[in-house]
Each structure stands twice: as C-alpha cells, then as structure tokens.
Amino acid sequence: MPGDFDLSVEELRVVARYAADCAQISLSTFEACAPTDVRPRHAIDAAYTFANGAPRTNLQRVAAQDAHRAAKDVGDESAQLAARAAGDAAAASYLHPIARSTQVGHILRAAACSARVAELDAGGDTAAADESLTDACFRATPTLVDVLLRYPSPRAGTTRVTQLMSELDSLLRRTYS
C-alpha cells in the first residue's frame, strides 16, 4: 500500500475489528429505534468479514455508505450515532497510510460515537462517556496503538463526537506510549 508509511493488511484487520467491536456496543440503540433496518448490522458484519480474513472488497465500502444513510433516516440522535459507528466500522478497512489527522477517524470515530451514545442514554452524564472511552482504551491492542501512533493527533473539533475522539486519542497515546 503506497503512502507515508507502511500499513499491512493484517494491521488494517486489527483496526477494522476494533472499530466493529466498538460499534457493536451501541448497535442495539439503533435497532430499538428502527428494528427493521438492518443496514448498520450489515456494516458491522462487513467489518468483521474483513477483520476475520476475507479480502477487502466493495462490500465494506457499500455497507459503510448504507449505514450512514440509515443514520440520516432516523430522527433519534443516539440511533443516528449508533448507525454512524457501524458505518465507520465498515469504512475502517479503508484507512490510508497518509500521515493526516483526519485518518484517525477511521480508527477511533466508531468508539467516539458509541461513547456519545452512552452519554446520551445516561441523560447527558459525561461520566458514561468517560467510562465508554476507558473501555475502548482497554479494548485497544498494541497493534492498534502502534497504527494510531503513525498518525498525528486529531484536533478536538466542535462536535461532541470529535471531542470524544480527541479524548480517546489522547488517552491511548498517554497510556500506551
């Protein structure tokens, strides 16, 4: 894979599995809101298909887009974020070896979306998001952190999800560097 540094298929599989594991946590929130819409579940399944050894194909790309469309089709913010997390999990297999902070979203945005879902489900209690980020930190493998450290840190941004993603990035860099 050409780019600013090497990124193996096995490392991409680790990233996809991490994102899928994080997205899986909030999937039930989407399914409770839209029980007949299977697009986010299919996106997580597509991420696991790649993570478990299948080639990266258009399946992941299409499933990611479909899950993001599902997010637009529901009115509930928690359900939207859960669907976005699923879409981000499928898209994680397309992480590029380009040293740009925007690429960190492929690694951590699913976890940040799930943390925001936890926060919203707890009535806006930030402790729920903090707990979710701590769980996401424990879920990270040395390989995942090694991949993360190849990228510059993302800026906190203005949305709660980008703030949570920045917090998780800082936590992982501080804990595992």
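This text follows the structure it describes.
This structure is a prediction, so every number in the text was calculated from the model and none was measured.

Definitions and limits used
Residues numbered from 1 in each chain as written. Predicted model: local features only at pLDDT ≥ 70, side-chain atom pairs only at ≥ 80, totals over all residues. Heavy atoms only, no water. Axes fitted to C-alpha atoms, helices over the stretch in contact; angles between N-to-C directions. Helix = DSSP H or I, 4+ residues; strand = E, 2+ residues; numbered from the N terminus. Parallel < 35°, antiparallel > 145°, perpendicular 65-115°, else oblique. Left-handed = near helix turned anticlockwise from the far one by under 90°. Contact = heavy atoms within 4.5 Å. Nonpolar A, V, L, I, M, F, W, Y, C, P; charged D, E, K, R; others polar. Core = buried A, V, L, I, M, F, W, Y, C linked by side-chain atoms within 4.5 Å. Buried < 20%, exposed > 50% of the residue type's maximum accessible area, 1.4 Å probe, protein only. Expected span 1.5 Å × (residues − 1). Arc of directions from axis to C-beta. Polar contact = N/O pair within 3.5 Å; in protein donor to acceptor, adjacent residues only side chain to side chain. Phe/Tyr/Trp six-rings, centres within 6.5 Å; stacked < 30°, edge-to-face > 60°. Lys NZ or Arg CZ within 6 Å of the ring centre and 35° of its normal. Salt bridge = Lys/Arg side-chain N within 4 Å of Asp/Glu carboxyl O.

Examining the packing of helix α1 (residues 9–33) against helix α5 (residues 104–121)
Part 1: Contact pair α1 / α5: the axes reach a minimum separation of 8 Å and the direction vectors enclose 20 degrees. Taken together, the axis directions place α1 and α5 in an arrangement best described as roughly parallel. Between α1 and α5 lies a crossing whose hand is left-handed. Contact residues: V15, Y18, A19, C22, A23, S26 and T29 in α1; H106, I107, L108, A110, A111, S114, V117 and D121 in α5.
Part 2: Broken down by class, the residue content of the contact of α1 with α5 amounts to 10 nonpolar, four polar and one charged.

A short note on the nonpolar core
Part 1: Judged by nonpolar contacts, the single largest core of 61 residues is most densely connected at Y18, I107, L108, L168 and L172.
Part 2: Where this core is concerned, the elements lending two or more residues are α1, α2 (39–51), α3 (58–72), α4 (77–91), α5, α6 (126–139), α7 (142–148) and α8 (160–176).
Part 3: A total of 10 residues in this core trace back to one element, the largest contributor, which is α1.
Part 4: Not counting residues up to four positions away in its chain, the partners in contact with L172 are Y18, L108, C137, A140, V145, L148 and S177.

Quick look at α3
Part 1: When the terminal C-alpha atoms of α3 are compared, their 21 Å separation across 15 residues agrees well with the 21 Å that a helix rising 1.5 Å per residue should span.
Part 2: Those residues of α3 that fall on the buried side of the exposure criterion are Q60, A63, A64, A67, A70 and A71. Across the axial projection of α3, the buried residues extend over an arc of 120 degrees, all falling on one side.
Part 3: Residues of α3 that are buried make contact with α1, α2 and α4.
Part 4: Of the residues flanking the start of α3, the one acting as N-cap is T57, its side-chain oxygen 3.1 Å from the backbone nitrogen of L59.

Observations concerning the packing of aromatic side chains
Part 1: In the structure shown here, the tally under the stated rule is one aromatic pair.
Part 2: Seen from their ring centres, F5 and Y151 are 5.0 Å apart, and the 90 degrees between their planes marks the pair as edge-to-face. Here the residue F5 occupies a position in the segment before α1, and Y151 occupies one in the loop between α7 and α8, the gap between them amounting to 146 residues. Both residues of the pair, F5 and Y151, belong to the buried class.
Part 3: Sitting above the plane of the F50 ring, R13 keeps its charged end 4.7 Å from the centroid.
Part 4: Looking at R61, its charged tip hangs above the ring of Y94, at a distance of 3.9 Å from the centre.

Quick look at the pattern of salt bridges
Part 1: According to the stated counting rule, one finds 13 salt bridges in the structure shown.
Part 2: Taking the shortest distance from any N to any O, the salt bridge between R160 and E167 comes out at 3.5 Å.
Part 3: Residue classification places R160 among the partly exposed positions, given a relative accessible area of 21%.
Part 4: Since its relative accessible area comes to 35%, E167 is described here as partly exposed.
Part 5: Measuring nitrogen to oxygen at the nearest pair gives 2.8 Å for the salt bridge that ties D169 to R173.

A few points about the environment of E11
Part 1: Position of E11 relative to the elements: it lies in helix α1.
Part 2: Considering only alpha carbons, one finds E11 and S93, 82 residues apart in sequence, at a separation of 9.5 Å.
Part 3: Once you skip the residues sitting within four places of it in the chain, E11 turns out to touch D6, T143, D146, V147 and R150.
Part 4: A distance of 2.5 Å separates a polar atom in the side chain of E11 from a polar atom in the side chain of R150.

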